[in-house]
Amino acid sequence: MGTVLDSHFLALTAIVTVGYQLLFFVITALLKFDKVTDFAGSTNFIILAVLTLVLKGTWHFRQVVLSFLVVTWGLRLGLFLLLRILQWGEDRRFDEMRSNLGKLAVFWIFQAVWVWTVSLPVTVVNGIDRDPSVQAADIIGWIMWSVGVSFEATADQQKLTFKNAPENRGKWCNVGLWNISRHPNYFGEILLWWGIFVASTPVLEGSEWLVILGPIFLTLLLLFVSGIPLLEQSADKKFGNVAAYRVYKRTTSPLIPLPPAVYRSLPSWFKSVLLFEFPFYSRNLPEEGST
């Protein structure tokens, strides 16, 4: 990477990210107000995209497009999550953290790492001077982003509508996209960020390819840490003794959308290796027949 990018852009984005998350950590710790947590994460992406675009000032078409895609995603998700938590009340993820400053600090540090790492593709594109003409990778990346953000937005709205219906109280969401994936919003999230990376590749050289760590980090995070595992554990505890839920889990892909009839017919090894149906997703599922 060029000297300007190394010493200024990456360092600046790290400082801005840590500072922004620190601000919200202080708010959360002092006021015990955790309704802005997800909003703080989403808007941090917007700040980094706009800041790097404006500071570099070259305004290349690719830079503007990628920055616009990140801002659009961040605004949509940030406002959606903020309105949802204001409607539903406290964020239950913080039940054990509100009185434990150490755990709360670790969460905010991790969120800063998440924002900075996942933003790497757009940060690097905005920070370099090369500007090749639009290539197939650009268009493929933009299409991936479009499909991914559409999946995420549709899945979020479908689940919100489902949960707000009184007749669905105490039920798991299995309508719309949730009928072909147990986590269609995460599928969209992963796809759109890989799209951002693909669209950044025409300008990458040498060590700049390390920006692939952004989508890799996000994918591993959702597959193994704070995404699917936590939600699967929660759902299994709530509905694990419900026969219909066990059928839903057995016949519905965990991430990649597939018709249940197709998913049901696939061999177990195929589901584990290619469709991310990992055994630990069901470690909290009660044995059939237990109460």
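What you see is a predicted model, and the numbers here were worked out from it, not measured in a lab.

## Things to note about the nonpolar core
Step number 1: Among the nonpolar cores identified, the biggest contains 59 residues, and Phe-45, Leu-66, Trp-73 and Trp-193 are the most heavily contacted of them.
Step number 2: In terms of residues, this core owes the most to one element, helix α7 (residues 184-200), which gives 10 residues.
Step number 3: Apart from residues no more than four positions distant in its own chain, Trp-73 is found in contact with Phe-45, Trp-145, Val-149, Glu-152, Glu-189, Leu-192 and Trp-193.
Step number 4: Ranked by size, the runner-up nonpolar core spans 11 residues in total, among them Phe-24, Phe-25, Ala-29 and Phe-107.

## As for helix α9 (residues 228-239)
Step number 1: For α9, spanning 12 residues, the distance from its first C-alpha to its last is 16 Å, which sits close to the expected 16 Å at 1.5 Å a residue.
Step number 2: Buried within α9 we find Ile-228, Pro-229, Glu-232, Ala-235, Asp-236 and Phe-239. Along the long axis of α9, the arc covered by the buried residues comes to 135°, so they all point the same way.
Step number 3: On the buried face of α9, the contacting elements are α7, α8 (213-225) and α10 (243-251).

## Description of helix α4 (residues 101-118)
Step number 1: Over its 18 residues, α4 extends 26 Å from the first C-alpha to the last, a length consistent with the 26 Å expected when each residue adds 1.5 Å.
Step number 2: When we look at burial in α4, the residues that qualify are Leu-104, Phe-107, Trp-108, Gln-111, Ala-112, Trp-114, Val-115, Thr-117 and Val-118.

## Focus: the pattern of salt bridges
Step number 1: Scanning the entire structure with this criterion turns up 11 salt bridges.
Step number 2: A salt bridge links Glu-208 to Arg-130; its shortest N-O distance comes to 2.3 Å. Placement of the pair is Glu-208 in the loop between α7 and α8 and Arg-130 in the loop between α5 (120-127) and α6 (136-164), with a sequence separation of 78 residues.
Step number 3: Note on Arg-130: relative accessible area 29%, which makes it partly exposed.

## Topic: the UniProt feature "transmembrane region" (unreviewed entry) in the chain
Step number 1: Mapped onto this structure's residue numbering, the UniProt feature "transmembrane region" (unreviewed entry) falls at residues 12-31, 43-59, 65-83, 104-128, 186-204 and 210-231.
Step number 2: Taken as a whole, residues 104-128 contains 92% helix and 0% strand, while its terminal C-alpha atoms sit 36 Å from one another.

## A look at the packing of aromatic side chains
Step number 1: Considering all chains together, one arrives at 23 aromatic pairs under this definition.
Step number 2: Arranged with centres 5.2 Å apart and planes meeting at 80°, the rings of Trp-73 and Trp-193 form a pair that is edge-to-face. Placement of Trp-73 in helix α3 (residues 61-88) and of Trp-193 in helix α7 is noted, with a sequence separation of 120 residues between them.
Step number 3: The class of Trp-73 is buried, set by a relative accessible area of 0%.

## Comments concerning the layout of surface pockets
Vacant regions in the atomic arrangement are exposed by a probe of water-molecule size rolled over the atoms.
Step number 1: When its volume is computed, the second largest pocket comes out at roughly 280 Å³.
Step number 2: Residue lining of the second largest pocket: 12 residues in total, with Lys-249, Arg-250, Glu-277, Ser-282 and Leu-285 positioned closest to the centre.
Step number 3: Secondary-structure elements contributing two or more residues to the lining of the second largest pocket are α10 and α12 (268-274).
Step number 4: When residues of the lining of the second largest pocket are assigned to their parent elements, the largest contribution, three residues, is made by α10.
Step number 5: Among the residues forming the lining of the second largest pocket, the class breakdown is four nonpolar, two polar and six charged.

## Some details on the environment of Ile-140
Step number 1: Position of Ile-140 among the secondary structure elements: in helix α6.
Step number 2: Sequence separation between Ile-140 and Gly-195 is 55 residues; the distance between their C-alpha atoms is 7.3 Å.

## Some remarks on the environment of Phe-217
Step number 1: Here Phe-217 is to be found in helix α8.
Step number 2: Relative accessible area serves as the criterion here: at 23%, Phe-217 is assigned to the partly exposed category.
Step number 3: For the pair formed by Phe-217 and Val-247, sequence separation is 30 residues and the distance between their alpha carbons is 31 Å.
Step number 4: Discounting residues that sit within four places of it in the chain, Phe-217 has contacts with Phe-110, Val-113, Trp-114, Thr-117 and Val-118.

## Description of the side chain of Lys-249
Step number 1: Considering the arrangement of structural elements, one finds Lys-249 in helix α10.
Step number 2: Only 2.8 Å separates the side chain of Lys-249 from the backbone oxygen of Tyr-281, close enough to count as a polar contact.
Step number 3: In this view, Lys-249 contacts Arg-182, Glu-232, Asp-236, Glu-277, Tyr-281 and Ser-282; residues no more than four positions away in its chain are not counted.

## Comments concerning the packing of helix α2 (residues 37-56) against α5
Step number 1: Where α2 contacts α5, the axes come no closer than 8 Å and their chain directions differ by 10°. Here α2 lies roughly parallel to α5, going by the angle between them. The segment α2 lies against α5, with Ala-49, Thr-52, Leu-53 and Lys-56 engaging Thr-123, Asn-126 and Gly-127.
Step number 2: Considering only residue class, the contact of α2 with α5 consists of two nonpolar, four polar and one charged.

Analysis parameters
- Residues numbered from 1 in each chain as written.
- Predicted model: local features only at pLDDT ≥ 70, side-chain atom pairs only at ≥ 80, totals over all residues.
- Heavy atoms only, no water.
- Core = buried A, V, L, I, M, F, W, Y, C linked by side-chain atoms within 4.5 Å.
- Buried < 20%, exposed > 50% of the residue type's maximum accessible area, 1.4 Å probe, protein only.
- Helix = DSSP H or I, 4+ residues; strand = E, 2+ residues; numbered from the N terminus.
- Contact = heavy atoms within 4.5 Å.
- Expected span 1.5 Å × (residues − 1).
- Arc of directions from axis to C-beta.
- Salt bridge = Lys/Arg side-chain N within 4 Å of Asp/Glu carboxyl O.
- UniProt positions renumbered as here; feature names shortened; annotations may be inferred.
- Phe/Tyr/Trp six-rings, centres within 6.5 Å; stacked < 30°, edge-to-face > 60°.
- 1 Å grid on protein atoms, 1.4 Å probe; cavity = no way out; pocket = protein on both sides within 12 Å on 5 of 7 lines; lining within 4 Å.
- Points joined across faces, edges and corners; volume = space filled by probe spheres on them.
- Nonpolar A, V, L, I, M, F, W, Y, C, P; charged D, E, K, R; others polar.
- Polar contact = N/O pair within 3.5 Å; in protein donor to acceptor, adjacent residues only side chain to side chain.
- Axes fitted to C-alpha atoms, helices over the stretch in contact; angles between N-to-C directions.
- Parallel < 35°, antiparallel > 145°, perpendicular 65-115°, else oblique.

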